[in-house]
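# Descriptive analysis of the structure
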Amino acid sequence: MTTKSASANTPIHLRPLRSRMLLGAGIATTLLLIFMIIGGKPNPGPKTWMILPFLTVPFGGALGGLVYYLLDFMRYQGGWRKSLANVLSLLIYILLLAATLIVGLNGPD
């Protein structure tokens, strides 16, 4: 008879993908709101340009949450791999957030 180790029964993903993506999108939307409030008065013109950032930025944040979820296997191994996974997750999240902010806030000239 074989015995299973305790680590074989432990799930790798402690939180579901849905919650990671919602958390990433929520952080991105909060940062977008702060950015738009501090940014001052927008250019006069059609106000429909404000819709695009609220579609692109949460999408980028959700993709960042997906990357965080996909790197859980490295985080679970511990040691330097955990640190590497955290740094990679943060860098990719910032890159995705910056790219979607630029695309979303590139309003009318």
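All values derive from a computational prediction rather than experimental measurement.

Thresholds applied
Residues numbered from 1 in each chain as written. Predicted model: local features only at pLDDT ≥ 70, side-chain atom pairs only at ≥ 80, totals over all residues. Heavy atoms only, no water. Helix = DSSP H or I, 4+ residues; strand = E, 2+ residues; numbered from the N terminus. Buried < 20%, exposed > 50% of the residue type's maximum accessible area, 1.4 Å probe, protein only. Contact = heavy atoms within 4.5 Å. pLDDT = per-residue confidence, 0-100. Salt bridge = Lys/Arg side-chain N within 4 Å of Asp/Glu carboxyl O. Phe/Tyr/Trp six-rings, centres within 6.5 Å; stacked < 30°, edge-to-face > 60°. Lys NZ or Arg CZ within 6 Å of the ring centre and 35° of its normal. Axes fitted to C-alpha atoms, helices over the stretch in contact; angles between N-to-C directions. Parallel < 35°, antiparallel > 145°, perpendicular 65-115°, else oblique. Left-handed = near helix turned anticlockwise from the far one by under 90°. Nonpolar A, V, L, I, M, F, W, Y, C, P; charged D, E, K, R; others polar. Polar contact = N/O pair within 3.5 Å; in protein donor to acceptor, adjacent residues only side chain to side chain.

## Examining the overall build of the chain
- In terms of helices and strands, the chain carries 5 helices and 0 strands.
- In the chain, the succession of helices and strands from N to C terminus is α-α-α-α-α.
- Here the chain, with 109 residues, has 26% of them falling under the buried criterion.
- A sequence separation of at least 24 residues applies to 72% of the contacts in the chain between residues at least 6 apart.

## Description of the confidence of the model for the chain
- When pLDDT is averaged along the chain, the result is 84, and 80% of the positions lie at 70 or above.
- No element of the chain has a lower mean pLDDT than helix α1 (residues 6-9), at 53, and none a higher one than helix α5 (residues 80-105), at 93.

## Description of the pattern of salt bridges
- In this structure the tally under the stated criterion is 2 salt bridges.
- Put simply, R20 and D72 hold a salt bridge, and the shortest N to O gap is 2.9 Å. Remark: D72 occurs in helix α4 (residues 72-77) and R20 occurs in helix α2 (residues 17-38); sequence separation between them is 52 residues.
- Given the relative accessible area of 12%, R20 is considered buried.
- As a salt-bridge pair, D72 and R75 come within 2.5 Å of each other at their nearest N and O atoms. Linking D72 with R75, this pair stays in helix α4, spanning 3 residues, or about one helical turn. Like R75, D72 is buried.

## Quick word on the packing of aromatic side chains
- Enumeration over the complete set of coordinates arrives at 0 aromatic pairs.
- A cation sits over an aromatic face here: R75 above Y68, 3.8 Å from the ring centre.

## Brief notes about the packing of α2 against helix α3 (residues 51-70)
- The interhelical angle for the contact between α2 and α3, taken along N-to-C directions, is 140 degrees, at an axis separation of 7 Å. It follows that α2 is oblique to α3 by the angle criterion. Between α2 and α3 lies a crossing of right-handed hand. For the pair α2 and α3, contact is made by L17, R20, M21, G24, A25, A28, T29, L32, L33 and M36 and by P53, F54, V57, P58, G61, A62, G65, L66, Y68 and Y69, respectively.
- Partitioning the contact of α2 with α3 into residue classes produces 15 nonpolar, 4 polar and 1 charged.

## Brief notes about the side chain of D72
- With a relative accessible area of 5%, D72 lands in the buried category.
- Separated by 2.9 Å, the side chains of D72 and R20 make a polar contact.

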